[in-house]
Amino acid sequence: RGFDARTPGELNFGNYITRLAYPVTLDEAPIGATDWADTDGLTPDIFIVTGERILKLRDGTITEVGSSILTNGATGIALHDSGAGVPFLYVAEDGLGNIERMALAQTVATGTGALTRDKLASINGSLYASARATTEATTDRWCMITFVPPGADPFTAANWSSRTLVGSPTSDINAITTVRGAPCIIKPEGIFIFNRNTTLWENRMPGWESMPHPDNGRGTATLG
């Protein structure tokens, strides 16, 4: 039910596992997964984030990390450096709460300050996120992009850049990915790539503007 897109230039069928016995009843579909290590820092695992749960997959067996270890339902995940050379699994939770992060020890902490985010992506050492306008009003769309530069701690609100509008202010950012190392934002009305010369997010799929769909880009993979 998926593809392995990690090899540049190739698209392969996904893991040989076709069916898993889940230890819990899932409230929501998984929103993402990532390769990481177990608490020993060596044993390879795959962590799957779904709702308020983080599941750990090893050798075809799933276990849950803690019990509904997240405070709110997850909307975005990214494995990213804390700024001190230490990786964490960062989890965004829409407007329900601040970013949380799981340490290698599989403990979870919550950020403080204005850190409500929706989608996350770690690109070239920076952590990118979709955000609302600075008012944080619940009626605002997740139409803004903000990032933390390499070497900065995402848990410090002041380390995030100012928010920049991408495309229409009335539609949400559905995915953040990368094309040849450049950040790429996918929205219902287009695929946007940052132009360093004009300092603008340019729509490289303008045909979508005449037929936008709210689900455009929700299932996204980069082939490098």
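Data block above holds the structure.
Keep in mind the model is a prediction, meaning the values are calculated, not measured.

Tell me what's going on with the overall build of the protein chain, and back it up with residues and numbers.
Helix and strand content of the protein chain: zero helices and 18 strands. A compact globule built from 224 residues would reach a C-alpha radius of gyration of about 17 Å, and the protein chain, at 17 Å, matches this within 12%. Projected onto its principal axes, the C-alpha positions of the protein chain cover 45 × 40 × 30 Å. Looking at the 224 residues of the protein chain, the share that counts as buried comes to 42%. Residue pairs at least 24 apart in sequence account for 42% of intrachain contacts in the protein chain once pairs closer than 6 positions are excluded. By element, 53% of the accessible surface of the protein chain is carried by carbon and sulfur atoms, the whole surface being about 11,700 Å². Distance between charge centroids for the protein chain: 3 Å, based on 17 positive and 24 negative side chains.

Break down the pattern of salt bridges for me, with residues and values.
Here the structure, examined in full by the defined rule, presents eleven salt bridges. In this structure, lysine 56 and aspartate 38 form a salt bridge, with 3.4 Å as the shortest nitrogen-oxygen distance. In this pair, lysine 56 is assigned in strand E5 (residues 53–58) and aspartate 38 in the loop between strand E3 (32–37) and strand E4 (44–50), connecting sequence segments 18 residues apart. Residue aspartate 38 is classed as buried on the basis of its relative accessible area of 8%. The partner of aspartate 38 in a salt bridge is arginine 58, and the shortest N-O contact between them spans 1.9 Å. Of this pair, aspartate 38 sits in the loop between E3 and E4 while arginine 58 is found in strand E5, placing the two residues 20 residues apart along the sequence.

Hey, could you go over the side chain of asparagine 195 for me, with residue numbers and the actual values?
Among the secondary structure elements, asparagine 195 is positioned in strand E17 (residues 190–195). By relative accessible area, asparagine 195 is classed as buried at 16%. Looking at asparagine 195, its side chain comes within polar contact range of the main-chain nitrogen of threonine 198, at 3.3 Å. A distance of 2.8 Å separates polar atoms of two side chains, one belonging to asparagine 195 and the other to glutamate 202. Aside from chain neighbours lying at most four places away, what touches asparagine 195 is Leu200 and Glu202.

Please give an account of the sheet that holds strand E7 (residues 76–81) that cites residues and values.
Reading across the sheet, the four strands line up as E7-E8-E9-E10 and stay open at both edges, with antiparallel pairing between neighbours. Looking at the sheet topology across the chains shown, the edges are occupied by E7 and strand E10 (108–110). Here the strands of the sheet are splayed against their neighbours by 25 degrees on average, with no regard to which way each runs. In this structure, E7 lies alongside strand E8 (residues 87–92), joined through six bridges in antiparallel fashion. Note on E8: the bridge partner recorded for glycine 76 is alanine 92.

Calculation rules
Residues numbered from 1 in each chain as written. Predicted model: local features only at pLDDT ≥ 70, side-chain atom pairs only at ≥ 80, totals over all residues. Heavy atoms only, no water. Helix = DSSP H or I, 4+ residues; strand = E, 2+ residues; numbered from the N terminus. Rg over C-alpha atoms; globule rule 2.2 N^0.38 Å. Buried < 20%, exposed > 50% of the residue type's maximum accessible area, 1.4 Å probe, protein only. Contact = heavy atoms within 4.5 Å. Areas by Shrake-Rupley, 256 points an atom, 1.4 Å probe, with all protein chains shown as cover. Lys, Arg positive; Asp, Glu negative; His and termini not counted. Charge placed at Lys NZ, Arg CZ, Asp CG, Glu CD. Salt bridge = Lys/Arg side-chain N within 4 Å of Asp/Glu carboxyl O. Polar contact = N/O pair within 3.5 Å; in protein donor to acceptor, adjacent residues only side chain to side chain. Pairing = 2+ DSSP bridges. Axes fitted to C-alpha atoms, helices over the stretch in contact; angles between N-to-C directions.

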